[in-house]
Amino acid sequence: MSSSDTGTAPLSSLRSGEKTTVQSVSRVIVLWRAVAFALPAGAVIWLISNVQYGGVSVAEHAIRWLDPFALMIGLNGVILLAYLVAQLARLAA
């Protein structure tokens, strides 16, 4: 897609100050997306790590339950749980 398709000037045709502003805005947008995707995952990880059931965290229960399935695909329960939490957070965001 060319710059004429989007209705904006190409970055190379902008003056130095305009280029810096465009780059700064782009960085803020990228950082905002990173925060928006990481925040739900972080909240879920914090919750399952700090909520206790039977004297053990929910995360540890999940890890023990997932471990046999994870071993079948060459992982362990911790890695599989992290993957599942990340996928669920991505769907929630």
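Below: a short report on this structure.

What counts, and where the lines are drawn
Residues numbered from 1 in each chain as written. Predicted model: local features only at pLDDT ≥ 70, side-chain atom pairs only at ≥ 80, totals over all residues. Heavy atoms only, no water. Helix = DSSP H or I, 4+ residues; strand = E, 2+ residues; numbered from the N terminus. Buried < 20%, exposed > 50% of the residue type's maximum accessible area, 1.4 Å probe, protein only. Contact = heavy atoms within 4.5 Å. Areas by Shrake-Rupley, 256 points an atom, 1.4 Å probe, with all protein chains shown as cover. Axes fitted to C-alpha atoms, helices over the stretch in contact; angles between N-to-C directions. Parallel < 35°, antiparallel > 145°, perpendicular 65-115°, else oblique. Nonpolar A, V, L, I, M, F, W, Y, C, P; charged D, E, K, R; others polar. Expected span 1.5 Å × (residues − 1). Bend = angle between axes of the 7 residues up to and from the residue. Core = buried A, V, L, I, M, F, W, Y, C linked by side-chain atoms within 4.5 Å.

1. Some words on the overall build of the chain
Of the regular secondary structure elements, the chain holds 4 helices and 2 strands. For the chain, the residues scored as buried account for 13% of the 93 residues in total. Taking the contacts inside the chain whose residues are at least 6 apart along the sequence as the reference set, 28% of them involve residues at least 24 apart. Accessible surface computed for the chain: about 7,100 Å², of which carbon and sulfur atoms make up 68%.

2. Overview of the environment of Val56
If you trace the backbone, Val56 turns up in strand E2 (residues 56-57). Residue classification places Val56 among the buried residues on the basis of a relative accessible area of 19%. Filtering out sequence-adjacent residues up to four positions away, Val56 remains in contact with Val51 and His61.

3. Here's the deal with the packing of helix H3 (residues 58-72) against helix H4 (residues 77-92)
Running from amino to carboxyl end, H3 crosses H4 at an angle of 105°, the nearest separation of the two axes being 7 Å. Taken together, the axis directions place H3 and H4 in an arrangement best described as roughly perpendicular. Together, Ala59, Ala62, Ile63, Leu66, Asp67 and Ala70 of H3 and Gly77, Val78, Leu80, Leu81 and Leu84 of H4 make up the contact between the two elements. For the contact of H3 with H4, the class distribution of residues is 9 nonpolar, 1 polar and 1 charged.

4. Here's the deal with H3
Quick reminder: α-helices carry 3.6 residues per turn. Residues three or four places apart thus point the same way. Under the 1.5 Å per step criterion, the end-to-end length of H3 is 22 Å for 15 residues, consistent within 8% with the ideal 21 Å. At Leu66, H3 is bent by approximately 45°, the largest bend along its length, and proline Pro68 sits one to four residues beyond. Residue Gly74 follows H3 closely and has a positive phi angle near 85°.

5. Some words on the environment of Ile48
One can find Ile48 in helix H2 (residues 16-50). Separated by 37 residues in sequence, Ile48 and Val85 have C-alpha atoms that sit 9.9 Å apart. For Ile48, the residues in contact, after removing those within four places along its chain, are Ser57, Val58, Ala59, Leu81 and Val85.

6. Some words on the nonpolar core
Listed in full, the 7 residues of the largest apolar core are Ile48, Ala59, Leu66, Ala70, Leu80, Leu81 and Val85. Elements represented by at least two residues in this core include exactly H3 and H4. Not counting the four nearest positions on each side in its chain, Leu80 is found in contact with Leu66 and Ala70.

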